[in-house]
Amino acid sequence: MQLFYTVRPGETLYQIAGRWRLPVESLIAANNLASPYIIFPGQQLSVPPGVDKVRVNPGDTVYSIAQFFGIPMSVIIETNRLLPPYTIQAGQLIKVPPGVSYYVVQPGDTLFHIARRYNVTTKGSVHWQLIQSVNRLPSDVIYPGMRLIVPYAPTGDQGMIAYSSNRGGGYDLWLYDPVDGSRRQLTSGAGSPTAIPFWSPDSSRIAFIGNRGILYVIHIAENLLASIDQFPDGLGVFLSWSPDSRIVAYAKPNEIILYNIITHQVQRLNQPGATDVQWVSNGKTLLFQAPDSSGISQLFTMEADGTNKRQITQNTGSTYNNVRLSPANTYVLYTTPGVSISIIYTIELSTGRVFEVRGGPLAKNYFPVWSPDSSAIAYSATAFEDVGYFSLVNTTGRQGENDRTKAISDCFATPVTWSPDSRKIAYLSGCNGEGIATEMWVVDPLRPVPVRLIAGESITSLQWSPHS
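Residues numbered from 1 in each chain as written. Predicted model: local features only at pLDDT ≥ 70, side-chain atom pairs only at ≥ 80, totals over all residues. Heavy atoms only, no water.

**Re the overall build of the protein chain**
- From N to C terminus, the protein chain includes six helices and 35 strands.
- Taking 23 Å as the expected radius of gyration for a compact globule of 468 residues, we find that the protein chain reaches 24 Å, a close match to that expectation.
- The principal-axis extent of the C-alpha atoms belonging to the protein chain is close to 75 × 50 × 45 Å.
- When burial is assessed residue by residue, the protein chain has 54% of its 468 residues classed as buried.
- The contacts of the protein chain with a sequence gap of at least 6 include a subset with a gap of at least 24, amounting to 45%.
- For the protein chain, the computed accessible surface area is about 20900 Å², with 51% contributed by carbon and sulfur atoms.
- The averaged location of the 34 negative side-chain charges in the protein chain is 3 Å from the averaged location of its 34 positive side-chain charges. (Helix = DSSP H or I, 4+ residues; strand = E, 2+ residues; numbered from the N terminus. Rg over C-alpha atoms; globule rule 2.2 N^0.38 Å. Buried < 20%, exposed > 50% of the residue type's maximum accessible area, 1.4 Å probe, protein only. Contact = heavy atoms within 4.5 Å. Areas by Shrake-Rupley, 256 points an atom, 1.4 Å probe, with all protein chains shown as cover. Lys, Arg positive; Asp, Glu negative; His and termini not counted. Charge placed at Lys NZ, Arg CZ, Asp CG, Glu CD.)

**Examining the side chain of Lys406**
- Along the chain, Lys406 turns up in strand E31 (residues 404-409).
- Notably, Lys406 is buried but unbridged: the nearest opposite-charge side chain belongs to Glu25, and the N-O separation is 6.4 Å.
- Polar contacts involving the side chain of Lys406 include one to the main-chain carbonyl oxygen of Pro445, which spans 3.3 Å.
- Apart from residues no more than four positions distant in its own chain, Lys406 is found in contact with Pro23, Ser26, Val393, Thr395, Val443, Pro445 and Pro448. (Salt bridge = Lys/Arg side-chain N within 4 Å of Asp/Glu carboxyl O. Polar contact = N/O pair within 3.5 Å; in protein donor to acceptor, adjacent residues only side chain to side chain.)

**Looking at the pairing of strand E20 (residues 275-279)**
- By the criterion of burial, E20 is predominantly enclosed, with four of the five residues buried.
- In the sheet, E20 pairs with strand E21 (residues 285-291) via three bridges, with the strands oriented antiparallel. Bridge pairing links Thr275 to Gln289 in E21.
- Hairpin connection from E20 to E21: five residues lie between these consecutive antiparallel strands, with Gly283 at a positive phi of about 75°. (Pairing = 2+ DSSP bridges.)

**A word on the nonpolar core**
- One finds Leu13, Ile16, Ile76, Ile94 and Val96 to be the most contacted residues of the largest nonpolar core, which totals 29 residues.
- For this core, the elements supplying multiple residues, two or more each, are helix H1 (13-19), helix H2 (24-30), helix H3 (62-69) and helix H4 (73-80).
- The greatest single-element share of this core, amounting to four residues, is contributed by H3.
- Residues within four places of Ile76 in sequence aside, it is in contact with Val62, Ile65, Ala66, Ile71, Leu82, Ile94, Lys95 and Val96.
- Core analysis: the next-biggest nonpolar cluster, separate from the first, contains 21 residues, Leu428, Ala437, Val442 and Ile454 among them. (Core = buried A, V, L, I, M, F, W, Y, C linked by side-chain atoms within 4.5 Å.)

**Remarks on H3**
- Within H3 the residues assigned to the buried category are Val62, Ile65, Ala66 and Phe69. Considered in projection along H3, the buried side chains sweep an arc of 100° and stay on one side of the axis.
- Looking at the buried positions of H3, the neighbouring elements they touch are strand E1 (4-6), H1, strand E3 (53-55), H4 and strand E4 (93-95).
- Just past H3, the residue Gly70 takes up positive phi, approximately 70°. (Arc of directions from axis to C-beta.)

**Structural notes on unusual backbone geometry**
- Cis rather than trans, the peptide bond between Ser35 and Pro36 has omega equal to 15°.
- Among the secondary structure elements, Pro36 is positioned in the loop between H2 and strand E2 (44-46).
- Backbone torsion omega between Pro84 and Pro85 reads 10°, so that peptide bond is classified as cis.
- Note that Pro85 resides in the loop between H4 and E4.
- Despite not being glycine, Ser203 has its phi angle at roughly 65°, a positive value.
- Along the polypeptide, Ser203 turns up in the loop between strand E12 (198-199) and strand E13 (205-209).
- What makes Ser203 buried here is its relative accessible area of 14%.

**Things to note about the sheet that holds E13**
- Read from one edge of the open sheet, four strands run E12-E13-E14-E15, paired in antiparallel fashion. A single partner strand is all that each edge strand has here, and the edge strands are E12 and strand E15 (224-230).
- The sheet contact formed by E12 and E13 spans two bridges and is antiparallel. Its bridge partner being in E13, Phe198 is matched across the sheet by Ala207.

**Here's the deal with empty space enclosed by the protein**
- A full pass over the atoms with the stated rule returns one cavity of 30 Å³ or more.
- By volume, the largest cavity is sized at about 40 Å³.
- Split into classes, the residues belonging to the lining of the largest cavity amount to five nonpolar, no polar and four charged. (1 Å grid on protein atoms, 1.4 Å probe; cavity = no way out; pocket = protein on both sides within 12 Å on 5 of 7 lines; lining within 4 Å. Points joined across faces, edges and corners; volume = space filled by probe spheres on them. Nonpolar A, V, L, I, M, F, W, Y, C, P; charged D, E, K, R; others polar.)

**A look at the state of the cysteines**
- All chains considered together, the criterion is met by one disulfide.
- The residue that forms a disulfide with Cys411 is Cys431, at a sulfur-sulfur distance of 1.9 Å. Measuring the twist about the S-S bond at about 95°, one finds the Cys411-Cys431 disulfide to be right-handed. Highlighted residues: Cys411 in the loop between E31 and strand E32 (416-418) and Cys431 in the loop between strand E33 (425-429) and strand E34 (437-444), separated in sequence by 20 residues. (Disulfide = S-S within 2.5 Å.)

**Details of the pairing of strand E10 (residues 172-176)**
- Of all five residues in E10, five are buried; the element is thus mostly enclosed.
- Burial along E10 is two-sided: Asp172, Trp174 and Tyr176 and Leu173 and Leu175, pointing in opposite directions, are all buried.
- As defined by bridge partners, strand E9 (residues 161-165) adjoins E10 across five bridges and the pair is classed as antiparallel. When the bridges of E10 are listed, Ile161 appears paired with Tyr176.
- Between E9 and E10, which pair antiparallel one after the other, the connecting turn spans six residues, and Gly169 there sits at a positive phi close to 120°.
- Two strands pair when backbone bridges link them, and E10 and strand E11 (residues 183-185) are joined in this way by three bridges, in the antiparallel orientation. Bridge assignment links Leu175 to a residue of E11, and that residue is Arg184.

See the structure below:
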């Protein structure tokens, strides 16, 4: 469902975008505006989700806030469940939705034109029938003054999104199909709130650390679940599949484990302090983080048989965290120094040059992930401390260039994941101050109009499959 805002005299797109702290590019794309992006008083704009909370200042009233944002008082009252006499206190955080949940039909409108204008489309196909269905219209005839709910059409993207959710009661893994919005439960009782799905390259299996720290692998087509290993504390463990989708690599205290899911053979490589073990695309080499002889964090490569270990960095600073090799094997990204301050860097492997990603305003940048084509990084940046924590969903180039905000989540931080074709980013939102997301969204970085895929269930992780 889209929210609509009516332009007031003298307002510009930049003023409206700034008011709700959203990228102006999102406002342009959401309304299919053409350059020079002229708007006029009385025009109804679809407003993508941004930061919709404000901190009450001394002297503020519901009326004054409603006047400033140009929305009815009733919207603020209903959204915040305020009771008569509708008093608010200085320092209080209140939610201010960017508009009303309906579009008012104008002279000359048709369902087709409304659907095309507000992106009720899937890969170029206009789905005006969705508006008719959602509003239970007996026909496609509409008239000026009618109030219509305008939904988004299914995104129709490739692949499947695996995610951890309590939709079935306890936390388990689920699949979401972007083509038709259908969902399928993958596990029953094996999941956990901290489970992160790791797809095999052929998209046939998912590895994850679930209930009681058990490492599971599920064969999706056959619906078979196998327990592989167990961790006293599975938090933060990175799992990496070999390019042939046969071997799962991961680190345990003092060793690297290579588990063949076909033969069930286990290979153990002695490597104290190793983390972030991952396969290089040749299928013969591993990359990982480990301390050098002086105890300083470095990146190493090593053959899968334990030979030819080679240090590839000359780090003299903080620990390399969240190390991720680009799919093209040309760059490595990492974060440092820790959780309270987390800055993203990349290393160009051919030259050893290090690049810093500008990141968010609070230097809290989390969940960086490479696009499948290795051209960009998506990540979550915590921001807006003055109105309660939110996170920016940003993208940047391999050397930290073109760092831009593409969407906003109301969570402190959100994991992000790319579609198989590197054209969309899925992320979580709907935390509402509780710390756990209740919504899944997707955004196209080139046309940043966020579309909500799922709402109404607790979701803690997500990962898009590599293939359809």
